[in-house]
Structure formats: C-alpha cells, structure tokens
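Listed below are the residues making up each chain.
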Amino acid sequence: GSNPKSGNDLSKTPEEQASLLSESFRTLYDSREEWGVDGVIWYTWHDTEESSVGACGWCASAGLVDADRDSKPSWLAFTDLTGGTP
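Residues numbered from 1 in each chain as written. Predicted model: local features only at pLDDT ≥ 70, side-chain atom pairs only at ≥ 80, totals over all residues. Heavy atoms only, no water.

**Concerning the packing of aromatic side chains**
Within this structure, the stated rule accounts for 3 aromatic pairs. Relative to tryptophan 42, the ring of phenylalanine 25 lies with its centre 6.1 Å away and its plane at 50°, an arrangement referred to as tilted. Of this pair, phenylalanine 25 sits in helix H1 (residues 14-30) while tryptophan 42 sits in the loop between helix H2 (32-35) and helix H3 (73-82), and the two are 17 residues apart along the sequence. A residue is classified by how much of its surface remains accessible, and phenylalanine 25, at 15% relative accessible area, is buried. Judged by its relative accessible area of 23%, tryptophan 42 falls in the partly exposed class. (Phe/Tyr/Trp six-rings, centres within 6.5 Å; stacked < 30°, edge-to-face > 60°. Helix = DSSP H or I, 4+ residues; strand = E, 2+ residues; numbered from the N terminus. Buried < 20%, exposed > 50% of the residue type's maximum accessible area, 1.4 Å probe, protein only.)

Given below as structure tokens:
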C-alpha cells in the first residue's frame, strides 16, 4: 500500500510503493525460469475506501492509481516495466 499513515508496516509512501513494484517485478523477471514464473498479476489497479477492505491495513492503498483514478508513481513504474502507456 501507499499510505504510511494506515498504521500498517506494509504501507509505504507512494514513491516507496513504486520502487518496491519495480524491484519485485525485475526480480521475478530475472528469476522466472529458475522459479517457474509464467506471469505476475498486480493485486489491485485502483485504491478504494478504507471501509471497503475490512481489517487489511494496506489493501485500500494498494492500487496503481488512487481512488479518483489519478496516477500514482506505481502506475508509472508499472507501465515502464510492461511497455504500457501512462
């Protein structure tokens, strides 16, 4: 997630979320044959309201874009890695 104020250790800043996405995808790509990875799916594409995710402290901010569908740094990192258009 990208909301460090959520109180969850898994939540980072938007920039840290983008960096972790890039590092994770590059590691998976580099090790895909050894680990037998055929594909990767990002958990969610947009942020949601906190109340809609229950007890998960980072899920509401796990998206590539915010709840208003504005791009987050993670969207730019994702499209850079996948060849998409931001």
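Past the structure itself, the notes keep going.
**So, H1**
For the α-helix, the turn length of 3.6 residues means that residues three or four positions removed from each other point alike. With 17 residues, H1 extends 24 Å from end C-alpha to end C-alpha; this agrees with the ideal 24 Å at 1.5 Å per step. If you check which residues of H1 are buried, you get Gln17, Ala18, Leu21, Ser22 and Phe25. The buried side chains of H1 occupy one side of the element, clustering within an arc of 135° when seen end-on. Away from the buried face of H1 by more than 90 degrees, exposed residues Glu15 and Asp30 are located. Residues of H1 that are buried sit in contact with H3. (Expected span 1.5 Å × (residues − 1). Arc of directions from axis to C-beta. Contact = heavy atoms within 4.5 Å.)

**Here we look at the environment of glutamate 49**
Following the sequence through the fold, glutamate 49 ends up in the loop between H2 and H3. For glutamate 49, a relative accessible area of 55% corresponds to the exposed category. Remark: the alpha-carbon pair of glutamate 49 and leucine 28, spanning 21 residues in sequence, is separated by 30 Å.

**Overview of H3**
Among the residues making up H3, those that are buried are Ser74, Ala77 and Thr79. Contact partners of the buried residues in H3: H1. Glycine 83, located one to two residues past H3, shows a positive phi value of around 85°.

**What about the nonpolar core?**
Membership of the largest hydrophobic core is limited to 5 residues, which are Ala18, Leu21, Phe25, Leu64 and Ala77. Looking at which element gives the most residues to this core, the answer is H1, with 3 residues. When neighbours within four sequence positions are excluded, leucine 64 is seen to be in contact with Leu21, Trp42, Thr44, Trp45, His46, Ser71, Lys72, Ser74, Trp75 and Phe78. (Core = buried A, V, L, I, M, F, W, Y, C linked by side-chain atoms within 4.5 Å.)

**Structural notes on the side chain of lysine 72**
Along the chain, lysine 72 turns up in the loop between H2 and H3. Residue class for lysine 72 comes out buried when judged on its relative accessible area of 6%. Among the polar contacts made by the side chain of lysine 72, one reaches the main-chain carbonyl oxygen of serine 61 at a distance of 2.9 Å. Those residues in contact with lysine 72 that lie beyond four places of it in its chain are Ser2, Gln17, Asp47, Ser61, Ala62, Gly63, Leu64, Val65 and Asp66. (Polar contact = N/O pair within 3.5 Å; in protein donor to acceptor, adjacent residues only side chain to side chain.)

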